[in-house]
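Spelled out from the first residue to the last, the chains are:
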Amino acid sequence: MLTVNDPGSGLGYVLSACVLLASFNSPAYGTEDPEAHNLRHQRLQPEFAGPIDNLTVPVGKEVSLSCVVNNLGEHKVGWLRSRDQTILTLHTRVVTHSPRISISFDNHRTFTLHISRVKESDKGCYMCQVNTPEMKKQSGCIDVHVPPDIISEYSSSDTAVNEGDNVTLSCHATGHPQPIVTWRRENGEPMLIRKNVRDLTLVDVHRGKTLFLWKVDRRQMGAYLCIAANEVPPAVSKRVIVSVNFQPTIVIPNQLVGSPLGKEVHLECYAEAYPKTINYWVKNRGEILLEGTENAVVPVEVISSSDSRAKYTIQENRSVYKVYMSLFIKDFNMSDVGTYNCVATNSLGRAEATIRLYNLTGAGGGGQDHPEDSENSARCPKHSIRPFLLILCLLYVSRFMSSR
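Along each chain, residue indices are assigned from 1 in the same order as the chain's sequence is written. Only residues with pLDDT of at least 70 are given local features in this predicted model, and only at 80 or more are side-chain atom pairs given and counted; all residues enter the totals for whole chains, interfaces and linings. Calculated side-chain values reflect all of the structure's heavy atoms, with hydrogen atoms and water omitted.

1. Let's talk about the environment of Ser64
With respect to the helices and strands, Ser64 occurs in strand E3 (residues 63–70). When the C-alpha atoms of Ser64 and Ile115 are compared, they prove to be 6.4 Å apart, with 51 residues separating the residues in sequence. When residues no more than four places from it in sequence are discounted, the contact partners of Ser64 are Leu55, Thr112, Leu113 and His114. Runs of H or I in DSSP of at least four residues are treated as helices and runs of E of at least two as strands, each being numbered from the N terminus. Here, two residues are considered to be in contact whenever any of their heavy atoms come within 4.5 Å of each other.

Here it is in structure tokens:
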């Protein structure tokens, strides 16, 4: 007798074939409604969960772009650089040779592209792709901020001009965003900007790549700072020194100086010049007392029979183009009466001014009151003379000389 379950019987084979055929015709094996099948198929297609954020990053830092995909299934995700379609990663594997590129993933749906030590060349968009029959993709972009940098070869360096010439200072900077360039004086003082011969303006800050100084004068001499800054610290600066050359000029506060005998006499003068001057004092237009030294006090030995101490001392203080010169004469006596010339000289010229030193008669025990007294018998009265009578004394001597 044959049984249905007997695999060796012919009837068993027939019944098994019928059951298999019936199973293929069931909805689970291909007889599903086409619309239902399409809906189910669409539900299972990968979809992006949201857009990729655009990011801004300073150069040298790390940036990460995340691509989130739902219903990924067996599909794969890749990252590409948009501008040249270079493949960077395939699913969880890095395929580029750059050691700065890496990939991380989470729960089989978030794929994050990491770029370390970001360079300016990394700026641009990056594409996340899913290998569906109709490829799905979306992009995220990064903007790389670069700190400012001043291009020395295209910017001004230290410059020297003659007084009255025009000066143009330029400063070129790179960076992203484009840096803002400003000018200011290094010492913090306002800049003197001349629009025409008479129109002078004081400006604390000048904005722009170019600073134009028209008919520059000595007051505009000094150090200027070109400063470039954007949203990325730090700001950078370049120092430019403007030197204004001019011949010496001298101003004397007092051309006539009187002193009692035995006192210390102080003579002073102010010189202006650039380049730096050689400064010295001349007595009676013949004897050079001292050649100037910068910012120093230097004694000059003029030894007499009655005094072995330093007779003369000079002080000189310099500030850019200004020089203040002082001559001190110790123990003033009649041999010190005469003229003293303050002299300044540089490569552009020479200037001098004269100070006449005289004795105040009676203030130090009696004596002559003017250098001319050694050559004539004119005398001021021997009694004590107050300063406001000095003019009368001078008129007395002048009248006596004219009568001769």
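Alright, that's what it looks like, and here's the rest.
2. Topic: the sheet that holds strand E7 (residues 101–106)
Each pair of strands is called paired provided DSSP finds at least two bridges between the two strands. An order of E1-E3-E8-E7 is seen for the 4 strands of this open sheet, with the pairing classed as antiparallel. The open sheet terminates on both sides in strands that have one partner only, identified here as strand E1 (47–48) and E7. Pairing analysis gives 2 bridges linking E1 to E3, with the strands arranged antiparallel. Bridge pairing links Glu47 to Asn70 in E3.

3. Concerning the packing of aromatic side chains
Aromatic pairs are defined between Phe, Tyr and Trp rings, using the six-membered ring for Trp, whenever the two ring centres lie within 6.5 Å; interplanar angles under 30 degrees are classed as stacked, those over 60 as edge-to-face, and all others as tilted. Evaluated as defined, the whole model comprises 3 aromatic pairs. Relative to Phe111, the ring of Phe105 lies with its centre 6.2 Å away and its plane at 25°, an arrangement referred to as stacked. Phe105 sits in the partly exposed class, given a relative accessible area of 48%. Seen from their ring centres, Tyr270 and Tyr324 are 4.9 Å apart, and the 40° between their planes marks the pair as tilted. Of this pair, Tyr270 sits in strand E22 (residues 265–274) while Tyr324 sits in strand E27 (residues 322–329), placing them 54 residues apart in sequence. The positively charged end of Lys215 is found above the aromatic ring belonging to Trp214, 5.4 Å away from the centroid. The cationic tip of Arg218 hangs over the ring face of Phe246; the distance from NZ or CZ to the ring centre is 3.8 Å. Each residue is placed in one exposure class: buried if its accessible area under a 1.4 Å probe, protein chains only, is under 20% of its type's maximum, exposed if it is over 50%, and partly exposed if it falls in between. Put simply, a charge is over a ring when the Lys NZ or the Arg CZ is close to the ring centre, within 6 Å, and near the line of the ring normal, within 35 degrees.

4. Digging into the nonpolar core
Nonpolar core, defined: a set of buried Ala, Val, Leu, Ile, Met, Phe, Trp, Tyr and Cys residues in which side-chain atoms within 4.5 Å join the residues together. With 24 residues, the main nonpolar core has Ile250, Leu267, Trp281, Leu327, Ile329 and Tyr340 as its most contacted residues. For this core, the secondary-structure elements that each account for two or more residues are E22, strand E26 (312–319), E27, strand E28 (338–346) and strand E29 (349–359). Filtering out sequence-adjacent residues up to four positions away, Leu267 remains in contact with Val257, Trp281, Met325, Ser326, Leu327, Ile329, Tyr340 and Ile355.

5. Examining unusual backbone geometry
With omega at 0°, the peptide bond leading from His176 into Pro177 counts as cis. Here Pro177 lies in the loop between strand E13 (173–176) and strand E14 (180–185). Of note in this structure, Asn284 is not a glycine but carries a positive phi near 50°. Along the polypeptide, Asn284 turns up in the loop between strand E23 (278–283) and strand E24 (287–291). Judged by its relative accessible area of 41%, Asn284 falls in the partly exposed class.

6. Quick word on the pattern of salt bridges
Should a side-chain nitrogen of Lys or Arg be within 4 Å of a carboxyl oxygen of Asp or Glu, the pair is scored as a salt bridge. One pass over the structure, following the stated rule, counts 12 salt bridges. The salt bridge involving Lys123 is made with Asp143; its shortest N-O contact spans 3.9 Å. On the criterion of sequence distance, the pair formed by Lys123 in the loop between strand E8 (110–115) and strand E9 (124–130) and Asp143 in strand E10 (residues 136–150) is long-range, its members being 20 residues apart. Owing to a relative accessible area of 38%, Lys123 belongs among the partly exposed residues under this scheme. The exposure class assigned to Asp143 is partly exposed, which follows from its relative accessible area of 22%. A salt bridge links Glu352 to Arg350, with the shortest nitrogen-to-oxygen separation between them at 2.8 Å. With relative accessibility at 36%, the residue Glu352 sits in the partly exposed group. One salt-bridge network, held together by shared partners, links Glu163, Arg218 and Glu272.

7. Concerning the state of the cysteines
Disulfide assignment relies on a single distance test, namely cysteine sulfur atoms paired within 2.5 Å. This model, assessed by the stated rule, comprises 4 disulfides. Across a sulfur-sulfur distance of 1.9 Å, Cys269 and Cys342 are joined as a disulfide pair. Here Cys342 lies in strand E28 and Cys269 lies in strand E22, a separation of 73 residues in the sequence. Side by side, Cys269 and Cys342 carry an identical accessibility label, which is buried.

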